[in-house]
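# A structural walkthrough
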Amino acid sequence: MSIYIFEVIFILFMPLFFRNIKKGKDIYCTAAMLLLICVQGFRTENLGLYDVKNVYFPSFQKIMTLSFLQVFETYPIVRGNFFQIATKLFTLICDNKYIWLFICSIPYLAAMKHNIKKYSLNIYVCAFSFFLIMGLRIYSSNFFLIRHSIAMGFLVLAFDGIMEKNLRKFLIFTLIAVMFHTTAAVFLIAYPLARIKPSWKQIAGIAAGFYVILYLASDLMNMIFELMDSSNYYFSYKTRNSGFDSLTFPIICGIMFAAAFVLTEINQNKVLSVKNGKNKPLRVKNGSNKNEVSDVKNGSDKNKTLGLKKGSVKKKALGMKKGSVKKKALSIKNAGVLNDLNYITVNMLCIGTLFMGASTIIGEFYRLSYFFMTVSFAGLGNIISQEKNRVIRRSIYVLLIAYLFIFMYRGLEPQGLVPYESWLF
């Protein structure tokens, strides 16, 4: 138990030591990622639920004995089994299942380090985002949902395609994720829904969605199961009640969505002056220590969504100077990009909340929710950090952290994560 408490303390308090260091944000994100990888990667098969011990390790041993042709025949790629093929490639180099387990712990956390560092306004938002990985039980679930965690890592990279309005990049990484876990295909809805302007219609949509989930979903899901072949793994859910008895998961996601929605609406009302149906220049904090202010016209033309001047070439959508060869990172301190991320975050949290609500009917829906929740962490932290009232801002952070810490702590034993065991000693 103490090792998980140490992780939380490190994540939440180490920014105090890195904040005044040059490139402190990058160093902190790397340190937090390595800590989480080591604790997860050096675990034994006894930690987590039954998956590693009874599914993944036996599969690893079986794949070692198969030829490549037999692997392709036994695990068709169209069913999301690229994971087994990748495992076969690994066994050609090393036959140690524990090293394989360690490597499987890297993709998701490495992708999240990239996402958090790139889209967080400051080091404190980074800390909040890393904590959400643990607090929402995504980290603990990855101890036993290995294929799902790797697929989720590629979806985090696909999120860059959403931010950059790069459909090709989005589709490529989403397709790779689907090859590891077919359920990742649900993330395809993220691209067309990402930039819907938040409105109270979303609140009504969630309310209607929960009504359907609570009162009509069982009949609807049975109709879907009837269309499945009896050999399909998920067909078995037709004859059993697999939903979560508790509404804690949906409530937590609902609170996160509500906080993001309300703060986004309040902040936008403060900085936008609407006249004749057109927005005046947007004035927001750019996240620097001196609270400098940057002005950008909001929405005057499509290219300006990423803070571009009218008539700029397509390459500038990726933050490139005209004639430059090397691409620059998309800057989150650009007011247009930040505003875009706020809207996308609210939409991702809305979708994630609805899927988490559906987990009360079929528990596995929480995995689908994680696809959308995890790409929202940095954006949620940014939205809260933009609240100018210090008391409100800090109160939201403290309440969310306290609530999620209790939620995480209470889940350690049921998920089989205590006492901690390592294959190193």
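Summarised in this report is the structure supplied together with it. Because the structure is predicted, anything quoted here is derived from the model rather than measured.

## Brief notes about the overall build of the protein
- The helix and strand tally for the protein stands at 20 helices and four strands.
- For the protein, the residues scored as buried account for 51% of the 425 residues in total.
- A fraction of 76% describes how many contacts in the protein between residues 6 or more apart in sequence connect residues 24 or more apart.
- Surface accessibility of the protein: about 20700 Å² in total, with carbon and sulfur atoms responsible for 62%.

## A look at the packing of helix α3 (residues 24–41) against helix α9 (residues 123–135)
- With their axes 10 Å apart at the nearest point, α3 and α9 run at an angle of 15° to one another. Comparing the axis directions of α3 and α9 gives the class roughly parallel. Here α3 runs over α9; the crossing is right-handed. Where α3 abuts α9, its residues G24, K25, Y28, C29, A32, M33 and L36 lie against I123, C126, A127, F130 and M134.
- Looking at the contact of α3 with α9, its residues break down into ten nonpolar, one polar and one charged.

## Considerations on the side chain of S149
- Within the secondary structure, S149 sits in helix α11 (residues 146–163).
- Among all residues touching S149, those that are not within four sequence positions of it are C104, Y108 and N142.

## Thoughts on the pattern of salt bridges
- With the rule as written, the count across this model stands at five salt bridges.
- Connected via shared salt-bridge partners are K118, D160, E164 and K169.

## Side note on the environment of N96
- With respect to the helices and strands, the residue N96 is situated in the loop between α6 (82–91) and α7 (97–104).
- Judged by its relative accessible area of 30%, N96 is partly exposed.
- A sequence separation of 36 residues divides N96 from F60, and the C-alpha atoms of the two residues are 9.7 Å apart.
- A polar contact of 3.2 Å, which involves the side chain of N96, links it to the backbone nitrogen of I99.

## Examining helix α18 (residues 365–374)
- With ten of ten residues buried, α18 lies mostly within the body of the structure.
- Within α18, burial applies to F365, Y366, R367, L368, S369, Y370, F371, F372, M373 and T374.

## Digging into unusual backbone geometry
- The omega torsion across V418 and P419 is -5°, close enough to zero to call that bond cis.
- Residue placement: P419 occurs in the segment after α20 (390–412).
- The phi torsion at R137 lies on the positive side, around 70°, for a residue other than glycine.
- With respect to the helices and strands, R137 occurs in the loop between α9 and α10 (138–141).

## Observations regarding the packing of aromatic side chains
- Using the criterion set out here, one finds 30 aromatic pairs in the structure.
- Counting every residue linked through ring pairs, the aromatic cluster contains F42, Y56, F57, F60, F83, F90, Y98, W100, F102 and W423.
- For the cation-ring pair, R43 lies above F143, with the distance from its terminal atom to the ring centre recorded as 5.1 Å.
- When the ring centre of F249 is taken as reference, the NZ or CZ atom of R137 above it lies at 5.9 Å.

Definitions and limits used
- Numbering of residues starts from 1 in every chain and runs along the sequence as written.
- In view of the model being predicted, local features appear only for residues whose pLDDT reaches at least 70, and side-chain atom pairs are presented and counted only at 80 or more, with totals across whole chains, interfaces and linings using the full set of residues.
- Remark: hydrogens and water are excluded; side-chain values derive from all non-hydrogen atoms of the structure.
- Every helix listed is a DSSP run of H or I at least four residues long, and every strand listed is a run of E at least two residues long, numbered separately from the N terminus.
- Buried means the residue's accessible area, taken with a 1.4 Å probe over protein chains only, is under 20% of the maximum for its type, while exposed means over 50%, and partly exposed covers the values in between.
- We call two residues contacting when some pair of their heavy atoms lies within 4.5 Å.
- Areas reported here follow the Shrake-Rupley algorithm with a probe of radius 1.4 Å; residue values treat only the protein chains shown as occluding.
- Axis definition: a line fitted to C-alpha atoms, over the contacting stretch in the case of helices. Angles run 0 to 180 degrees between N-to-C directions.
- Between 65 and 115 degrees an angle is taken as roughly perpendicular, under 35 as roughly parallel, over 145 as roughly antiparallel, and anywhere else as oblique.
- The hand of a helix crossing depends on one turn: near helix anticlockwise from the far one by less than a right angle means left-handed, and clockwise means right-handed.
- For this classification, the nonpolar set comprises Ala, Val, Leu, Ile, Met, Phe, Trp, Tyr, Cys and Pro, the charged set comprises Asp, Glu, Lys and Arg, and every other residue, Gly included, is treated as polar.
- The term salt bridge refers to a pairing of a side-chain nitrogen on Lys or Arg with a carboxyl oxygen on Asp or Glu at a separation within 4 Å.
- Distance and chemistry together define a polar contact, namely a pair of N or O atoms within 3.5 Å, with one atom able to donate a hydrogen and the other to accept it when in protein, and with adjacent residues in sequence counting only for side-chain atoms on both sides.
- Only rings of Phe, Tyr and Trp enter the pairing, Trp through its six-membered ring, and a pair is recorded when the two centres are within 6.5 Å. The plane angle decides the type: under 30 degrees is stacked, over 60 is edge-to-face, the rest tilted.
- Our definition puts a charge over a ring when NZ of Lys or CZ of Arg is within 6 Å of the ring centre and also within 35 degrees of the ring normal.

So far we have only geometry, and geometry alone does not tell us how the molecule works.
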